[in-house]
Amino acid sequence: MKIVVLTGSPRANGNTNLMADEFTRGATEAGHEVFRFDTAKSDVHPCTGCNHCGMNGPCVFNDDFTVKLRPKLTEADLIVFCSPMYYFGFSAQLKATIDRFYALNGALHVKKKCAFLMAYANTSKKDAEAMTAHYRTIADYMGWENVGTIIAPGIWTAGSIKGSGYEKKAYELGKSL
Ligand SMILES: Cc1cc2nc3c(=O)[nH]c(=O)nc-3n(C[C@H](O)[C@H](O)[C@H](O)COP(=O)(O)O)c2cc1C
């Protein structure tokens with residue numbers, strides 16, 4: 001498969017970036033081709049809703065989304081959303097990237113798979129519900145099949161996911177594909 005991994009954390013040693021590393025290691029070992037796009041390190045202008053694209057056409061912004069990511073999203077078999085929880089949702093960097101899907105909305109409504117990896121500091125399961133529902137609603141809307149969800153509660157400081165078992169789960173998910 002051609003896999004696109006979208007990361008949302010701006011932290012160098014970020015927990016979800018480490019999960020993305022391990023997912024990628026597993027998926028690569030299993031013979032898949034992974035393209036990673038770190039939204040926090042990329043130039044992605046927020047969508048302005050100008051509708052120039054007509055939801056399936058050229059975007060007015062010629063930035064990293066248009067030049068680097070857009071062609072990869074179109075051909076991807078699997079799209080992986082990897083984000084810290086920021087106020088019960090995706091990080092703004094990842095959300096801005098998701099909003100730019102608008103310009104290729106039509107092209108994305110095809111058979112694809114998706115996965116979701118996230119971490120958050122609190123331990124309440126309820127706190128993860130909004131973000132998980134958001135992910136599932138996007139997947140349902142697009143008609144994409146969810147192939148794995150890894151939710152890591154109780155993970156706060158950068159790098160604290162190490163030894164928690166969630167990196168291993170991310171590796172195993174990648175390897176299992
Ligand atoms: C701006 C911001 C908002 C956050 N909001 C939440 C939150 O709503 N609930 C929570 O449990 N943790 C919250 N956290 C903690 C992060 O989700 C947690 O530290 C996570 O491990 C960060 O992942 P990362 O290392 O991949 O960036 C927040 C952290 C930041 C910086």
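Up top you'll find the structure we're talking about.
Residues numbered from 1 in each chain as written. Predicted model: local features only at pLDDT ≥ 70, side-chain atom pairs only at ≥ 80, totals over all residues. Heavy atoms only, no water.

Focus: the pairing of strand E4 (residues 113-119)
Thinking step 1. Most of E4 is tucked away: six of the seven residues are buried.
Thinking step 2. Here seven bridges tie strand E3 (residues 78-84) to E4, and the two strands are oriented parallel to one another. Following the sheet pairing, Phe81 is matched in E4 by Phe116.
Thinking step 3. For E4 and strand E5 (residues 145-152), the ladder comprises seven bridges, and the chain directions are parallel. (Buried < 20%, exposed > 50% of the residue type's maximum accessible area, 1.4 Å probe, protein only. Helix = DSSP H or I, 4+ residues; strand = E, 2+ residues; numbered from the N terminus. Pairing = 2+ DSSP bridges.)

What to know about the site of the ligand
Thinking step 1. By nearness alone, 16 residues border the ligand, and Ser9, Asn15, Thr16, Ile155 and Trp156 come closest of all.
Thinking step 2. Between the ligand and Asn122, the relevant distance is 2.9 Å, taken from an oxygen atom to a main-chain nitrogen or oxygen of the residue.
Thinking step 3. Contact between the ligand and Trp156: an oxygen atom at 2.6 Å from a main-chain N or O atom of the residue.
Thinking step 4. Bound to the protein, the ligand loses 81% of the 650 Å² it would expose on its own.
Thinking step 5. By residue class, the composition of the shell around the ligand is 10 nonpolar, five polar and one charged. (Near = heavy atom within 4 Å. Polar contact = N/O pair within 3.5 Å; in protein donor to acceptor, adjacent residues only side chain to side chain. Areas by Shrake-Rupley, 256 points an atom, 1.4 Å probe, with all protein chains shown as cover. Nonpolar A, V, L, I, M, F, W, Y, C, P; charged D, E, K, R; others polar.)

Regarding the side chain of Asp64
Thinking step 1. Looking at the element boundaries, Asp64 is found in helix H2 (residues 64-75).
Thinking step 2. Among the residues examined, Asp64 registers a relative accessible area of 17% and is labelled buried.
Thinking step 3. A polar contact of 2.8 Å, which involves the side chain of Asp64, links it to the backbone nitrogen of Asp43.
Thinking step 4. The contacts of Asp64, once residues within four sequence positions are left out, are Phe37, Ser42, Asp43 and Leu69. (Contact = heavy atoms within 4.5 Å.)

Some details on unusual backbone geometry
Both trends apply: most residues other than glycine have a negative phi, and most peptide bonds are in trans.
Thinking step 1. For Asn51, which is not glycine, the phi dihedral falls at a positive 70°.
Thinking step 2. Looking at where Asn51 falls in the secondary structure, it is placed in the loop between strand E2 (33-38) and H2.
Thinking step 3. Judged by its relative accessible area of 43%, Asn51 falls in the partly exposed class.

Here's the deal with the nonpolar core
Thinking step 1. Formed by 28 residues in total, the largest nonpolar core has its most connected members in Leu6, Leu73, Phe81, Phe90, Phe101 and Trp144.
Thinking step 2. Those elements giving two or more residues to this core turn out to be strand E1 (2-7), H2, E3, helix H3 (92-99), E4 and helix H5 (129-142).
Thinking step 3. At five residues, the largest contribution of residues to this core is made by H5.
Thinking step 4. Every residue in contact with Phe81, bar those within four places of it in the chain, is listed here: Leu6, Phe90, Ile98, Phe101, Cys114, Ala115, Phe116, Leu117, Tyr135 and Trp144.
Thinking step 5. Of all hydrophobic cores here, the second largest spans 20 residues; its members include Leu18, Met19, Phe23 and Leu173. (Core = buried A, V, L, I, M, F, W, Y, C linked by side-chain atoms within 4.5 Å.)

Details of the state of the cysteines
Thinking step 1. Within this structure, the stated rule accounts for zero disulfides.
Thinking step 2. In this structure Cys53 is a free cysteine whose sulfur lies 6.3 Å from that of Cys50, the closest cysteine sulfur available.
Thinking step 3. Counting only cysteine sulfurs, Cys82 is the nearest neighbor of Cys114, a cysteine outside any disulfide, at a range of 13 Å.
Thinking step 4. Since its relative accessible area comes to 0%, Cys114 is described here as buried. (Disulfide = S-S within 2.5 Å.)

Digging into the environment of Thr157
Thinking step 1. Its place among the elements puts Thr157 in the loop between E5 and helix H6 (166-176).
Thinking step 2. C-alpha of Thr157 to C-alpha of Ala121: the two residues are 36 residues apart in sequence and 8.0 Å apart in space.
Thinking step 3. If sequence neighbours within four positions are ignored, Thr157 has contacts with Arg11 and Asn15.

What to know about the packing of helix H1 (residues 15-29) against H6
Thinking step 1. Two numbers describe how H1 lies on H6: the axes approach to 6 Å, and their chain directions differ by 30°. Taken together, the axes of H1 and H6 lie roughly parallel to each other. The two elements H1 and H6 cross, and the hand of that crossing is right-handed. Contacts between H1 and H6 involve Leu18, Met19, Glu22, Phe23, Arg25, Gly26, Ala27 and Glu29 from the former and Tyr166, Glu167, Ala170, Tyr171, Leu173, Gly174 and Lys175 from the latter.
Thinking step 2. Per-class residue counts for the contact of H1 with H6 are eight nonpolar, two polar and five charged. (Axes fitted to C-alpha atoms, helices over the stretch in contact; angles between N-to-C directions. Parallel < 35°, antiparallel > 145°, perpendicular 65-115°, else oblique. Left-handed = near helix turned anticlockwise from the far one by under 90°.)

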